[in-house]
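Residues per chain are reported as follows:
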Amino acid sequence: MSMPRAARSRIPALLLLACAMPAAAAARADDPPAAPAAVTYLYRMLPGLTFHPASDGMEYATDSGTGCIHHTGGLEQRLVHSVELPAGVTIDFVRFFYFDTSPTGHMKGYYADYDAAGNQYEIASSASGAVSGYGSVLITVNRTIDHRSRPVELSATLTGTDDSVRFCGARIRYFADVIFTNGFD
Amino acid sequence: MRKTVFHGALAPLLGLAPLLAVAAGAAGPGADQAALPAGIQFPDVPATAGAGAAPSGGDAGKQYLFIAGSSLHRKDNNTLVNPAPSGCVTSNGWVVADLQLPDGVILEGVRAYYSNSGVIDGMVSITRNNGAGAQIDLASGVLFHTMGWASTYFQLIVPEAINHLSYSYVLQGWAPNGVQLCGLRVAYSLP
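A brief look at the structure comes next. (Residues numbered from 1 in each chain as written. Chains lettered and ligands numbered in written order. Predicted model: local features only at pLDDT ≥ 70, side-chain atom pairs only at ≥ 80, totals over all residues. Heavy atoms only, no water.)

All names here are of chain A. Even without glycine at this site, Asn142 takes up a positive phi of about 55°. Its location among the elements puts Asn142 in strand β9 (residues 133–144). For Asn142, a relative accessible area of 48% translates into the label partly exposed. (Helix = DSSP H or I, 4+ residues; strand = E, 2+ residues; numbered from the N terminus. Buried < 20%, exposed > 50% of the residue type's maximum accessible area, 1.4 Å probe, protein only.)

Printed below as a string of structure tokens:
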């Protein structure tokens, strides 16, 4: 039952390969579960350059070849995007992607919903830190989509008027609490 | 000739160089088994049993997402957008819409519906972004001069499995004066 020569000859190479592999990055809250979970997590990523200004008072530009967008002038600093997911799914996390090399400016991402009667409910928000280059921030939402009463919006505010602060998109993690989970309760 | 000069001279400045390599991605009419939108006759598209008719033959199982040209919005505040009749759009810069397909489906191409009687051709593309500054064109092409309404299918060289964990996807169009971009119909299949 000795190991075949061909297999034995591959052992050093396999050991070298194992040593060369980088250590696994620390798991983040919105990463897919490593093991099978009771629910299936789904993702929806919205490109930064498809967010649009909340009003005409914003001057903005997109960054060629990056998919990002930045503020160039005007009082309006907020970019918005609707969230169009099936009713009943639950959003647990939203990750906002940005580029930030500004010592003073930042990107801040928001999750908000509305009651269609003039009231806005900001559920969560988070701002970019002082980093060099691209990064992301995560907010915890835990809200269930209900199209009967609550339209949902993602938004990002950009302070500063140059491309040192860019918004590069938002990624929603959601899951469906379907009948196979608790529908027979 | 004028169009050629324009594309060659200005495209790099506009960051459009990838769009010049359009011929490879453009497939012949009918490659996505087009069905006619209601109300507009696109002469290069084979007729089917009516608008929205199910694709047939080897195209069974293909799905579509049809986005009206008028629902695209500008990429920057210097772009002027003029809505045209029939859900079309004309713009002096790029207009965009995000492409929201279910995770796992196979993106195969996009058919652009348009007319072009101008001196400068329009363009369309599908891009993929990773949120960290990396963007690539999955498909792109030129909306060449037409006699009336037309459509062109731009096929991805390599079909793309939609993966929202890692990427976002953008439909982009540019419809300068004389061009009306009336819709982008994305073709995809189930895995």
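There is more to say, and it comes next.
A few words now on the sheet that holds strand β8 (residues 122–129) of chain B. Residues and elements named next belong to chain B. One open sheet accounts for five strands, arranged β3-β6-β11-β8-β9; its pairing is antiparallel. Across the chains shown, the open sheet's two edge strands, defined by having one partner strand only, are β3 (73–74) and β9 (135–143). One ladder, built from five bridges, connects strand β6 (residues 94–98) with strand β11 (residues 168–174); its direction is antiparallel. Counted as the bridge partner of Val95 is Gly173 from β11. (Pairing = 2+ DSSP bridges.)

Attention shifts here to the layout of surface pockets. By volume, the second largest pocket amounts to about 340 Å³. In terms of lining residues, the second largest pocket is bounded by 16 residues, among which A:His81, A:Ser82, A:Glu84, B:Asp98 and B:Gln100 are the most central. Going through the elements one at a time, β1 (41–47) and β5 (78–82) of chain A together with β2 (62–68) and β6 of chain B are the ones with two or more residues in the lining of the second largest pocket. Classifying every residue of the lining of the second largest pocket gives six nonpolar, seven polar and three charged. (1 Å grid on protein atoms, 1.4 Å probe; cavity = no way out; pocket = protein on both sides within 12 Å on 5 of 7 lines; lining within 4 Å. Points joined across faces, edges and corners; volume = space filled by probe spheres on them. Nonpolar A, V, L, I, M, F, W, Y, C, P; charged D, E, K, R; others polar.)

Turning our attention to the pattern of salt bridges. Residue and element names in this part refer to chain A. Inspection of every chain in the model, using the stated rule, returns 10 salt bridges over all chains. Between Arg166 and Asp63 there is a salt bridge, and its shortest N-O distance comes to 3.7 Å. Placement of the pair is Arg166 in strand β11 (residues 165–176) and Asp63 in strand β3 (residues 59–63), with a sequence separation of 103 residues. A single burial state applies to Arg166 and to Asp63, both of which are buried. The residue Arg78 makes a salt bridge to Glu153 at a minimum N-O spacing of 3.1 Å. Taken as a pair, Arg78 in strand β5 and Glu153 in strand β10 (residues 152–158) lie far apart in primary sequence, 75 residues in all. Here Glu153 falls in the buried class, since its relative accessible area comes to 16%. (Salt bridge = Lys/Arg side-chain N within 4 Å of Asp/Glu carboxyl O.)

So, on to the interface of chain B and chain A. The partner chain A presents 25 residues to the 24 residues of chain B that form the contact. For the pair chain B and chain A, the number of links is nine residue pairs in polar contact (both at pLDDT 80 or more). If you list the elements that add at least two residues to the side of chain B that touches chain A, you get β3, β6 and β11 of chain B. For the side of chain B that touches chain A, the per-class residue count stands at eight nonpolar, 11 polar and five charged. (Contact = heavy atoms within 4.5 Å. Polar contact = N/O pair within 3.5 Å; in protein donor to acceptor, adjacent residues only side chain to side chain.)

Our next topic: the pairing of β10(A). Residue and element names in this part refer to chain A. The buried fraction of β10 is high, at seven of seven residues. Burial along β10 is two-sided: Val152, Leu154, Ala156 and Leu158 facing one way and Glu153, Ser155 and Thr157 facing the other are all buried. Here β5 runs beside β10; their pairing, made up of five bridges, is antiparallel. Considered in β10, the bridge of Val80 is made with Ser155.

Residues and elements named next belong to chain A. Topologically, Phe99 is positioned in strand β6 (residues 89–100). Counting along the chain gives 34 residues from Phe99 to Gly133, while the straight-line C-alpha distance between them is 5.1 Å. In this view, Phe99 contacts Gly133, Tyr134, Asp163, Ser164, Val165, Arg166 and Cys168; residues no more than four positions away in its chain are not counted.

Residues and elements named next belong to chain A. Across the sheet, which stays open at both edges, the five strands sit in the order β2-β5-β10-β7-β8 with antiparallel pairing between neighbours. Both edges of this open sheet fall to β2 (52–53) and β8 (120–127), since each of them pairs with a single strand only. Taken together, the two bridges between β2 and β5 define a ladder with antiparallel strand orientation. Residue pairing in the sheet places His52 in a bridge with Val80 of β5.

Purely spatial values, then, with no claim about function.
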